[in-house]
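Chain residues, written in single-letter form:
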Amino acid sequence: MSTARDPRPLTGEPLALDLLNTRWNRDGVTQDLLADPAGLAVWLDGNGLAGTHPADAEVLRHLRTAREALKAAVDGSPRQAAPLVDAVLEHGRIRARLTAGGPAEEPEFADPSWAPAWLAARNYLELLRAPERIRTCAGGSCILHFYDTSRNGTRRWCSMAACGNRAKASRHYARSKDN
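Quick look at the structure, then.

Analysis parameters
Residues numbered from 1 in each chain as written. Predicted model: local features only at pLDDT ≥ 70, side-chain atom pairs only at ≥ 80, totals over all residues. Heavy atoms only, no water. Axes fitted to C-alpha atoms, helices over the stretch in contact; angles between N-to-C directions. Helix = DSSP H or I, 4+ residues; strand = E, 2+ residues; numbered from the N terminus. Parallel < 35°, antiparallel > 145°, perpendicular 65-115°, else oblique. Left-handed = near helix turned anticlockwise from the far one by under 90°. Contact = heavy atoms within 4.5 Å. Nonpolar A, V, L, I, M, F, W, Y, C, P; charged D, E, K, R; others polar. Phe/Tyr/Trp six-rings, centres within 6.5 Å; stacked < 30°, edge-to-face > 60°. Lys NZ or Arg CZ within 6 Å of the ring centre and 35° of its normal. Polar contact = N/O pair within 3.5 Å; in protein donor to acceptor, adjacent residues only side chain to side chain. Core = buried A, V, L, I, M, F, W, Y, C linked by side-chain atoms within 4.5 Å. Buried < 20%, exposed > 50% of the residue type's maximum accessible area, 1.4 Å probe, protein only.

## Section: the packing of helix H4 (residues 78-89) against helix H5 (residues 115-127)
- Running from N to C, H4 and H5 cross one another at 130°; their axes reach a closest spacing of 8 Å. Taken together, the axes of H4 and H5 are oblique relative to one another. The handedness of the crossing between H4 and H5 comes out as left-handed. Residues Val 85, Val 88 and Leu 89 of H4 form the contact with H5, whose participating residues are Ala 117, Trp 118, Ala 121, Arg 122 and Leu 125.
- Broken down by class, the residue content of the contact of H4 with H5 amounts to 7 nonpolar, no polar and 1 charged.

Take a look at the structure:
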């Protein structure tokens, strides 16, 4: 288990979006949690994958590939991104089984170093059941993504305390300046 603290401003999103959120802006500079194996260890630990997957160069490379595919799918054209996401998904499959507890589905991988990347891509497919809930923060310089779980589906910011507060303060300043 990693003892390093996760430095990202938004965590706890579904796996696919959490992978996208390994890049964020701080003071106008893009940060990248997946810049090195130590950051990968933090990400794996934060997503409950640390005990089953090593924080090595192969896993890191595959996760970066999946992150780029997911970014293209979320921020660009899903039609153009489909081959990129499919290329990640080709590295695993779901195995259906009947167990003593009933039906079960388990992911299988020819190359286990693809597992975290595949799991994130597979999670993206699950999120597509409600694609309108996959959002990019409306904060001006924010590049974070979130899954809108609000009842009426109107969440706009990754965090009300950060980006939402900045937006409201900016609007207030503009109104007071005009008066």
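## A short note on the packing of helix H2 (residues 37-46) against helix H3 (residues 57-75)
- Axis separation between H2 and H3 bottoms out at 10 Å; the angle between their running directions is 70°. As the angle between them shows, H2 and H3 are arranged roughly perpendicular. For the pair H2 and H3, contact is made by Pro 37, Leu 40 and Trp 43 and by Val 59, Leu 60 and Leu 63, respectively.

## Considering the packing of aromatic side chains
- For the coordinates displayed, the defined rule picks out 1 aromatic pair.
- Over the aromatic face of Phe 146 sits the side chain of Arg 155, whose NZ or CZ is 4.0 Å from the ring centroid.

## Comments concerning the environment of Asp 148
- Counting through the fold element by element, Asp 148 comes out in the loop between strand S6 (145-147) and helix H6 (160-178).
- Note: C-alpha distance between Asp 148 and Ile 134 (14 residues apart in sequence) is 6.4 Å.
- In this view, Asp 148 contacts Arg 133, Arg 135, Gly 153, Thr 154 and Arg 155; residues no more than four positions away in its chain are not counted.
- A polar contact is formed between the side chain of Asp 148 and the side chain of Arg 135, at a distance of 2.7 Å.
- Polar contacts involving the side chain of Asp 148 include one to the main-chain amide nitrogen of Thr 154, which spans 3.2 Å.

## Looking at the side chain of Glu 13
- As for its position among the elements, Glu 13 is in the segment before helix H1 (15-20).
- Polar contacts involving the side chain of Glu 13 include one to the main-chain amide nitrogen of Tyr 147, which spans 2.8 Å.
- If sequence neighbours within four positions are ignored, Glu 13 has contacts with Asp 18, Asn 21, His 145, Phe 146, Tyr 147 and Arg 155.

## Re the nonpolar core
- The biggest cluster of nonpolar side chains holds 42 residues, and the ones touching the most others in it are Leu 19, Trp 43, Leu 63 and Cys 158.
- When residues of this core are traced back to their parent elements, those giving at least two are H1, H2, H3, H4, H5 and S6.
- In terms of residue count, the dominant contributor to this core is H3 (7 residues).
- Those residues in contact with Leu 19 that lie beyond four places of it in its chain are Leu 34, Trp 43, Leu 63, Ala 66, Arg 67, Leu 70 and Ala 120.

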